[in-house]
Amino acid sequence: TVISTCGFTMIVTPLALLGILHTAHAFLATTISSSSTCLNRNHTPILHPLFAIETSFTNNDNNVDNDIHTEFDIGVCNIPGVDWQRPSKVNQDWAFINHQSLVNDDDGDDDDGNDGNDYGRSKKMYTVIGVLDGHGKYGHELSSFAAKNMPCEISNQFTSATSSSSSLDELPEPILEFERQTIQKSGGFNCDEYKSTTTRTQRALINAFHAVHYNAIHDTKVKAGRNGATCIVCHIDHESKECTVAYVGDSRAIRFSAGDADDDDDADDDDGNDGIEVIAEEHTVSLPAERIRIENGEGTLRGQNVFYGPIGIAMTRALGDAVMVRAGVIPTPAVGKFQLHQGDVLVLATDGIWDVLGNERVRDIIVTLERRQQQQQQQKHGSATAQDAAEEIARVARERWMGDLPIVDEMKADDIMVVVVKC
């Protein structure tokens, strides 16, 4: 069902007995939002007045038509969770897709070794993809705020480089002061030193994360003191095919080639990771560097959780969670970059996927779906779309959450958000 109203388009596609899918495709140029709905086993609708997916277009050149043609196929699926102990549970998972067409005037060299090609006087096309998972009673406020503001903050970082009065490394003074006085004192983390080891695009993403965090904790409409959100962002350069990733929290993203996996529907959930690269890992105290920072901070460790007084969370980096920064929980993302190749597949997902499916299982779902589609069409180029893959991953994960529960009134399943990118 497609409903258009007040400039927004809502797309609602039912997933039998499990929930409502929220879909978005890379080729759309308008802003798309999807309301979150799920069904319990009695088919009673549980409505949540949220918008779980944002797709938008950023353009700083009036001469550029707002139409993106990209070879990247993107699929998104969101199934809100259910909790019999919290019947009014709100979906806290969000995703965004932002297509950027930016004209840059900087003809100087950059420190990516690209001799200024990234920021010369030319039109640059980017796609920015994000997945977020809120935590805390009002975590949905953080994930929603970040999903709506992160694309703009990233765009601002790149467009600021075109101005003679600003540079890519600059942030408003209040945010710079926040970096110096708060993040620098968080478990001995040296933000300036960390930034000095990154590329321009990576620093742009770090600055954007800090800006979103700072603006959230200073927005009286967002309860960011004891609530927060995970966030994974993939920034894809259409020309160079370079993907830069930045992430905080306990969501995860993987990358693999669709031709590397065996067609095995019965693959187990072993994370042997054969041919699979984890491009965004969970930030928890199981990572030595994260544990050291927390131990050097003012918080305490209890098992796998970080506490500051009576408040505890299960991750070591997050957007929001303002009271936890002194405990060493920082909004500064880990960053990385890699080259995309034809046949590569990216999967970004919240823990609603990874708590019940391993990396290999997710990969095998996609590969099996692809080969099944080819066999059904009996043609060489027949293939499943990224949307098909996202929906199938979400369906299998939801079935794992529900299992064979004999008591309908005691259903419990986490929110699910998964984004699949096929190159």
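Just so it is clear, the structure is predicted and the values come from calculations on it, not from any experiment.

Analysis parameters
- Residues numbered from 1 in each chain as written.
- Predicted model: local features only at pLDDT ≥ 70, side-chain atom pairs only at ≥ 80, totals over all residues.
- Heavy atoms only, no water.
- Phe/Tyr/Trp six-rings, centres within 6.5 Å; stacked < 30°, edge-to-face > 60°.
- Lys NZ or Arg CZ within 6 Å of the ring centre and 35° of its normal.
- Buried < 20%, exposed > 50% of the residue type's maximum accessible area, 1.4 Å probe, protein only.
- Helix = DSSP H or I, 4+ residues; strand = E, 2+ residues; numbered from the N terminus.
- Pairing = 2+ DSSP bridges.
- Axes fitted to C-alpha atoms, helices over the stretch in contact; angles between N-to-C directions.
- pLDDT = per-residue confidence, 0-100.
- Contact = heavy atoms within 4.5 Å.
- Parallel < 35°, antiparallel > 145°, perpendicular 65-115°, else oblique.
- Nonpolar A, V, L, I, M, F, W, Y, C, P; charged D, E, K, R; others polar.
- Core = buried A, V, L, I, M, F, W, Y, C linked by side-chain atoms within 4.5 Å.
- Salt bridge = Lys/Arg side-chain N within 4 Å of Asp/Glu carboxyl O.

Caption draft 1: Broad picture of the packing of aromatic side chains. One pass over the structure, following the stated rule, counts three aromatic pairs. In this structure, lysine 223 packs its charged tip against the face of tyrosine 138, placed 4.5 Å from the ring centre. Above the face of the phenylalanine 307 ring, arginine 302 is positioned so that its terminal group lies 4.1 Å from the ring centre.

Caption draft 2: Summary view of the pairing of strand 8 (residues 73-79). Here strand 8 lies mainly inside the structure; seven of its seven residues are buried. Residue alternation in strand 8 divides its side chains into two sets, Asp73, Gly75, Cys77 and Ile79 and Ile74, Val76 and Asn78, and both sets are buried. The sheet contact formed by strand 8 and strand 23 (residues 416-422) spans seven bridges and is antiparallel. Looking at the pairing, cysteine 77 lines up with valine 418 of strand 23.

Caption draft 3: Seen up close, the sheet that holds strand 17 (residues 305-308). Ordered by their spatial adjacency, three strands build an open sheet running 16-17-18, and the pairing between neighbours is antiparallel. Looking at strand neighbours, the two that pair on one side only are strand 16 (300-302) and strand 18 (311-313), the edges of this open sheet. Across the sheet, the axes of successive neighbouring strands diverge by a mean angle of 35 degrees, strand direction being ignored. Both strand 16 and strand 17 contribute to a ladder of three bridges, which runs antiparallel. Its bridge partner lying in strand 17, arginine 302 is registered against asparagine 305.

Caption draft 4: A look at the confidence of the model for the protein chain. With 70% of its residues at a pLDDT of 70 or more, the protein chain has an overall mean of 77. Mean pLDDT across the secondary structure elements of the protein chain bottoms out at strand 1 (residues 2-5), with 27, and peaks at strand 13 (residues 242-248), with 98. Below pLDDT 50 for its whole length, residues 113-120 participates in 26 contacts with residues either more than four positions away or in separate chains.

Caption draft 5: Representation of the packing of helix 2 (residues 173-181) against helix 4 (residues 200-217) in the model. One way to put it is that helix 2 packs onto helix 4 with a least axis distance of 10 Å and a crossing angle of 100 degrees. When the interaxial angle is binned, helix 2 and helix 4 end up roughly perpendicular. Residues Pro174, Ile175, Phe178 and Glu179 of helix 2 form the contact with helix 4, whose participating residues are Asn207, His210, Ala211, His213, Tyr214 and Ile217. When grouped by side-chain class, the residues that make up the contact of helix 2 with helix 4 number six nonpolar, three polar and one charged.

Caption draft 6: Representation of the sheet that holds strand 15 (residues 277-280) within the structure. Sheet architecture is open: five strands sit in the order 8-23-21-14-15, paired in antiparallel fashion. If you trace the sheet from one side to the other, it starts and ends with strand 8 and strand 15, each paired once. For this sheet, the mean angle separating the axes of adjacent strands, direction not counted, is 20 degrees. Taken together, the three bridges between strand 14 (residues 252-257) and strand 15 define a ladder with antiparallel strand orientation.

Caption draft 7: Layout of the pairing of strand 20 (residues 334-339). Alternating residues of strand 20 divide into Ala334, Gly336 and Phe338, all buried, and Val335, Lys337 and Gln339, none buried. The pairing of strand 13 with strand 20 spans six bridges and is antiparallel. The residue of strand 20 that forms the bridge with tyrosine 247 is alanine 334.

Caption draft 8: Structural view of the nonpolar core. Ranked by internal contacts, the top residues of the largest apolar core, which has 35 residues, are Leu346, Leu348, Val419 and Val421. Formed by 28 residues, the second largest nonpolar core is a distinct cluster that contains Trp354, Val367, Ala390 and Val420.

Caption draft 9: Main features of the pattern of salt bridges. This model, assessed by the stated rule, comprises 20 salt bridges. A salt bridge links glutamate 277 to arginine 255; its shortest N-O distance comes to 2.9 Å. Of this pair, glutamate 277 sits in strand 15 while arginine 255 sits in strand 14; the two residues are 22 residues apart in sequence, bridging distant segments of the chain. Shared partners join several salt bridges into a network, and the residues in it are Lys124, Asp237 and Glu239.

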